[in-house]
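Summary of the model geometry
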Amino acid sequence: GEERASLEQYADVIVRQTNDLRRIVDEFSKFARMPAPERKPTDFGKLLSDTVLLQETGRPNIKYSLVLPDHAVLAQVDATMMNQALTNLLKNSAEAIDVRLETQEQPQGEIRVALTTDGEELKIDIQDNGAGLPEKASRLFEPYVTHRQKGTGLGLPIVKKIIEDHGGTLELVPAPSFAEGAPAGAWAHIALPQAASGRAEDHQTEINDNKTLRESMQ
């Protein structure tokens, strides 16, 4: 009767918080039981391209751009784990854009992704024009620290662990504005050691050299 509205409200709160707890437990399980990477030669450009394409398809309101080297770049990585890390970063960028658009409708949300190599490192940069980073951005890598209303605070620690398990580093810094007067968002910078990567032709040369060595020993 008169208490029905209150009862429904309480039930709604219980269901919501139960779902939040379930999500936290699921994320913590991923964080606590993260397996060691099973590294295999992977076309990192294709991996990155496929990851961006999937996010772009699901978020048509956001402009995505991807810059890749003009040659295939092989990396010794666990493709599944690396895909998870990149997906999490791209989702974070999209969610930061959503937050910014709540109060500032222009400019359009944009995410820029680039893969480069400099002979020593393989570098992946993800920049957005979203709401930007909190003052103590370094704390975002600590479990359960989040500045999003529905965040679990485990996404970035998982990403950081995946990158570090591959011998790499992850940095979060403010992104440069994409245009004059436009907001500065976030910039995720990933660096993987050259020992874990190489050009496709270099990898093929290594295969040929090993084949020649085996034949000479027979």
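The text that follows walks through the structure, step by step, so that each part is easy to find. (Residues numbered from 1 in each chain as written. Predicted model: local features only at pLDDT ≥ 70, side-chain atom pairs only at ≥ 80, totals over all residues. Heavy atoms only, no water.)

**A short note on helix H2 (residues 44–58)**
The criterion, for reference: In this description a helix means any DSSP run of H or I spanning at least four residues, a strand means any run of E spanning at least two, and both kinds are numbered starting from the N terminus. Here the expected length of a helix is defined as 1.5 Å per residue gap, with one fewer gap than residues. Burial here depends on accessible area, computed with a 1.4 Å probe over protein chains only, as a share of the maximum for the residue type. Under 20% is buried, over 50% is exposed, and the range in between is partly exposed. By construction, the arc corresponds to the directions joining the helix axis to the C-beta atoms. The definition of a polar contact used here is a pair of N or O atoms within 3.5 Å, where within protein one atom must be able to donate a hydrogen and the other to accept one, and adjacent residues in sequence count solely through side-chain atom pairs.
Here H2 spans 22 Å end to end across 15 residues, near enough to the 21 Å set by a 1.5 Å rise per residue. Within H2 the residues assigned to the buried category are Phe44, Gly45, Leu47, Leu48, Thr51, Val52 and Gln55. Viewed along the axis of H2, the buried residues span an arc of 165 degrees, placing them on a single side of the element. Turned more than 90 degrees off the buried face of H2, the exposed positions are Lys46, Leu54 and Thr57. At the N-terminal end of H2, a side-chain oxygen is found 3.2 Å from the backbone nitrogen of Gly45, two or three residues along, and the residue is Asp43.

**Details of the packing of H2 against helix H3 (residues 79–101)**
The cut-off we apply is this: For helices, the fitted axis covers only the stretch in contact; all axes are lines through C-alpha atoms, and the angles between them, taken along N-to-C directions, range from 0 to 180 degrees. Here is the rule for angles: anything less than 35 degrees is roughly parallel, anything more than 145 is roughly antiparallel, 65 through 115 is roughly perpendicular, and the remaining ranges are oblique. In this scheme, a crossing is called left-handed if the near helix is turned counterclockwise away from the far one by less than a right angle; it is called right-handed if the turn is clockwise. We call two residues in contact when some of their heavy atoms are within 4.5 Å. Three categories are distinguished: nonpolar for Ala, Val, Leu, Ile, Met, Phe, Trp, Tyr, Cys and Pro, charged for Asp, Glu, Lys and Arg, and polar for the others, with Gly belonging to the last.
For the pair H2 and H3, the least separation of the axes is 10 Å and the interaxial angle reads 40 degrees. Put simply, H2 runs oblique to H3. For the element pair H2 and H3, the recorded crossing hand is right-handed. Of the residues in H3, those touching H2 at Phe44, Leu47, Leu48, Thr51, Val52 and Gln55 are Ala79, Met82, Asn83, Leu86, Thr87, Leu90 and Lys91. Looking at the contact of H2 with H3 residue by residue, the classes come out as 8 nonpolar, 4 polar and 1 charged.

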